[in-house]
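What the coordinates show
Here are the chains, one letter per residue:
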Amino acid sequence: MSQVKENDTVKVHYTGKLEDGQIFDSSLEREPLEFTLGQGQLIPGFENGILNMSVNQKKTIHIPSAEAYGQVQDELFQEIPKNDLPEDIKPEKGMGLVSRTPDGSDIQLVVSEVKEESIIVDANHPLAGKDLIFDIEVLEIK
């Protein structure tokens, strides 16, 4: 029976949860996730967790934040004057914003604090600093 190894293309169903049981993503209601190991498409802990699994095998893997989205980085918080925001935006804590970089790519930001004259935005990944749990089932190995 073949097992998942480096450079294999695999199809999996997964459910991603936080340590408190809150589900943040799942493929169960849509197409399975297909990817090739070793290409950096997924977080390292996910790829390492499915190595040596067989087709139809199910398993739960625990991924520490260091093998997921890393720790929260203080330098990714930035204070922005409210005057720099478009007039139609009324910032609220938890609101998502998008900023365009000089090279034209978009950065996802979350408002972490609203002050009198400015806001603090956070460019960390929403799952940074969190340990993750994935229930995984391997459906196919190519």
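Since the model is a prediction, treat every value here as computed from it, not as a measurement.

1. Some remarks on the overall build of the protein
Of regular secondary structure, the protein possesses one helix and nine strands. Starting at the N terminus and ending at the C terminus, the protein contains elements arranged as β-β-β-α-β-β-β-β-β-β. A compact globule built from 142 residues should have a C-alpha radius of gyration of about 14 Å, whereas the protein, at 19 Å, is more than 25% larger. Principal-axis analysis of the C-alpha atoms places the extent of the protein at approximately 65 × 35 × 30 Å. Per-residue burial over the protein gives 34% buried out of 142 residues. Expressed as a percentage of contacts within the protein between residues at least 6 apart in sequence, the contacts between residues at least 24 apart total 61%. Accessible surface, the protein as shown: approximately 9,100 Å² in total, 46% of it carbon and sulfur.

2. A closer look at the packing of aromatic side chains
To describe a pair of aromatic rings, one takes the distance between the centres and the angle between the planes. In total, this model carries five aromatic pairs according to the counting rule given. Here the aromatic rings of Tyr-14 and Phe-46 are separated by 6.1 Å at their centres, their planes lie at 90 degrees, and the arrangement is edge-to-face. Note that Tyr-14 is positioned in strand E1 (residues 9-18) and Phe-46 in helix H1 (residues 44-50), a separation of 32 residues in sequence. For the pair Tyr-14 and Phe-46, one class covers both residues: buried. By way of ring pairs, the aromatic residues Tyr-14, Phe-24, Phe-35, Phe-46 and Phe-134 are connected into one cluster.

3. What to know about the environment of Ile-133
Within the element layout of this structure, Ile-133 appears in strand E9 (residues 132-141). In sequence terms Ile-133 and Gly-16 are 117 residues apart; their C-alpha atoms lie 5.8 Å from each other. When residues no more than four places from it in sequence are discounted, the contact partners of Ile-133 are Thr-15, Gly-16, Lys-17, Leu-18, Glu-19, Thr-60, Ile-61 and His-62.

4. Thoughts on the pairing of E1
Burial analysis of E1 places eight of its 10 residues in the buried class, the great majority of the element. Examined bridge by bridge, E1 and strand E3 (residues 33-36) share four bridges and lie antiparallel to one another. Along E3, the bridge assignment pairs Lys-11 with Glu-34. As defined by bridge partners, E1 adjoins E9 across nine bridges and the pair is classed as antiparallel. Its bridge partner lying in E9, Gly-16 is registered against Phe-134. As defined by bridge partners, E1 adjoins strand E2 (residues 23-26) across three bridges and the pair is classed as antiparallel. Looking across to E2, one finds that Gly-16 is bridged to Asp-25.

What counts and how
- Residues numbered from 1 in each chain as written.
- Predicted model: local features only at pLDDT ≥ 70, side-chain atom pairs only at ≥ 80, totals over all residues.
- Heavy atoms only, no water.
- Helix = DSSP H or I, 4+ residues; strand = E, 2+ residues; numbered from the N terminus.
- Rg over C-alpha atoms; globule rule 2.2 N^0.38 Å.
- Buried < 20%, exposed > 50% of the residue type's maximum accessible area, 1.4 Å probe, protein only.
- Contact = heavy atoms within 4.5 Å.
- Areas by Shrake-Rupley, 256 points an atom, 1.4 Å probe, with all protein chains shown as cover.
- Phe/Tyr/Trp six-rings, centres within 6.5 Å; stacked < 30°, edge-to-face > 60°.
- Pairing = 2+ DSSP bridges.

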